[in-house]
Amino acid sequence: MSIGPLMLDVEGLEVNSRERDLLQNPLLGGIILFSRNYASPQQVAELSQSIREIANRDILIAVDHEGGRVQRFREGFTAVPAMGNILLENSDHEQAKRKAYQWGAMIAIEVQAVGIDFSFAPVLDLNKNISQVIGDRAFSGKVDEVIELGREFIRGMNDYGMATTAKHFPGHGSVEADSHIDIPVDERPREQIISEDMRVFAELAQDYQAVMPAHVIYPAFDKQPAGFSSIWLQDILRSQLGFDGVIFSDDLSMKGAEVVGGYYQRAEAAIKAGCDMVLVCNHPKEGQELAKQFDFDCDPKSAERLLTMKGKALNYSLTKVQGSDQWLELKDNLLA
């Protein structure tokens, strides 16, 4: 079985009749869940299970569950701190690295415990106190610290069965504009971008399993945002950095994607640039239309790469998982 190139969302706590038909479209390869889809661990586990049963094939289920501001599921789940707090609360770097590993592991355990394959994490941007949308979602403003903590977080997720997605390549932290509501342009010279923000992604390119590029334009490289640029995705990420994992587009409904055109043009440009899967979030009508119109060729290797994002430790009972020795030991370590 294969995985299609589109990731969309669902509107509520259960699948409705329109979504039931959509889930049977073989182009739909993924579903991303949000806070509106969550009432309790049992409910979201049942939702995950029903999505898989209706689709009747391999389908990826994802969530943004980074910690801090970006944690979609809260009641019943462990409260994960913003990654920027790890160094603030652990001045000893070895201790901070252990915490990064343990938080990556905790996210992997609990998210998979409700039937979800992966969280879109970690954020590998630099927090330069410029971008509010990044801010404390980043581990640090220093390149070496982000590399150290990011590597441990990735290792924690991987060790507990979850694939990781590094975002937002090649770095969103040096522009003030928020790509959700604006079209950010990073005017810095090539050498500065390469030696600062991009160095994190370069150093960890053999560690993470997927990448999500930024809806940011870097004129020193290309006139298109990174997620629609074959220069960024093929020449730099694939060829120069040797990355052979999955490339997810960021949400095509964001303002930063509008420069490419309508939803069809955005999806086509992202796929042609090198994305394996494109996301349309919070716009069900546009997502459904795209699923009907999608008629362009994808990389034959995309489906094979996407299969690597399947959760290795999927469960459908958070209560059972939180009673396990593995979870209890991890919780004790995090609270120590």
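Since the structure is predicted, the reported quantities are computational estimates derived from the model, not experimental observations.

## Focus on the pattern of salt bridges
- The full count for this structure, using the stated rule, is 27 salt bridges.
- A salt bridge links arginine 69 to aspartate 136, with the nearest nitrogen and oxygen atoms 3.4 Å apart. In this pair, arginine 69 sits in the loop between strand E4 (65–67) and strand E5 (70–71) while aspartate 136 sits in the loop between strand E6 (118–119) and helix H5 (143–159), placing the two residues 67 residues apart along the sequence.
- Among the residues examined, arginine 69 registers a relative accessible area of 45% and is labelled partly exposed.
- Looking at aspartate 136, the relative accessible area reads 33%, which means it is partly exposed.
- The closest approach of N and O atoms between arginine 199 and glutamate 203, which form a salt bridge, is 3.8 Å. Of this pair, arginine 199 and glutamate 203 both sit in helix H7 (residues 197–203), 4 residues apart, which is roughly one turn of the helix.
- By relative accessible area, glutamate 203 is classed as partly exposed at 40%.

## What about the sheet that holds strand E9 (residues 246–251)?
- Across the sheet, which stays open at both edges, the 8 strands sit in the order E6-E3-E2-E1-E10-E9-E8-E7 with parallel pairing between neighbours. The open sheet is flanked by E6 and strand E7 (165–169), the only strands paired with a single partner.

## Thoughts on the side chain of glutamate 19
- In this fold, glutamate 19 is placed in helix H1 (residues 17–23).
- The buried category is assigned to glutamate 19, whose relative accessible area is 1%.
- If sequence neighbours within four positions are ignored, glutamate 19 has contacts with Asp9, Val10, Glu11 and Glu14.

## As for the packing of aromatic side chains
- Under the criterion given, the structure shown has 14 aromatic pairs.
- On the numbers, 5.9 Å between centres and 65° between planes, the contact of phenylalanine 139 with phenylalanine 153 is edge-to-face. With a gap of 14 residues between them, phenylalanine 139 in the loop between E6 and H5 and phenylalanine 153 in helix H5 connect regions that are remote in the sequence.
- Note on phenylalanine 139: relative accessible area 2%, which makes it buried.
- Of the residues examined, phenylalanine 153 reaches a relative accessible area of 1% and is grouped as buried.
- Measuring from ring centre to ring centre gives 5.7 Å for phenylalanine 169 and tryptophan 232, while their planes differ by 90°; the resulting arrangement is edge-to-face. Residue phenylalanine 169 is found in strand E7, and its partner tryptophan 232 is found in helix H8 (residues 230–240); the two are separated by 63 residues along the sequence.
- Its relative accessible area of 0% is what places phenylalanine 169 among the buried residues.
- In this structure tryptophan 232 comes out as buried when scored by relative accessible area, which is 0%.
- Feature note: the residues Phe169, Phe201, Tyr218, Phe221 and Trp232 constitute an aromatic cluster, connected by ring pairs.
- We note arginine 266 situated over the ring of tyrosine 263; from NZ or CZ to the ring centre the distance is 4.4 Å.

## Things to note about the nonpolar core
- Counting residues in hydrophobic clusters, the biggest one holds 112 residues, and the most contacted among them are Leu33, Tyr208, Trp232 and Phe248.
- The element that contributes the greatest number of residues to this core is helix H4 (residues 93–112), accounting for 10 residues.
- Beyond its immediate sequence surroundings of up to four residues, phenylalanine 248 is in contact with Phe118, Phe120, Thr165, Ala210, Val211, Met212, Pro213, Cys275, Met277, Leu279, Leu306 and Met309.

What counts as what
- Residues numbered from 1 in each chain as written.
- Predicted model: local features only at pLDDT ≥ 70, side-chain atom pairs only at ≥ 80, totals over all residues.
- Heavy atoms only, no water.
- Salt bridge = Lys/Arg side-chain N within 4 Å of Asp/Glu carboxyl O.
- Helix = DSSP H or I, 4+ residues; strand = E, 2+ residues; numbered from the N terminus.
- Buried < 20%, exposed > 50% of the residue type's maximum accessible area, 1.4 Å probe, protein only.
- Pairing = 2+ DSSP bridges.
- Contact = heavy atoms within 4.5 Å.
- Phe/Tyr/Trp six-rings, centres within 6.5 Å; stacked < 30°, edge-to-face > 60°.
- Lys NZ or Arg CZ within 6 Å of the ring centre and 35° of its normal.
- Core = buried A, V, L, I, M, F, W, Y, C linked by side-chain atoms within 4.5 Å.

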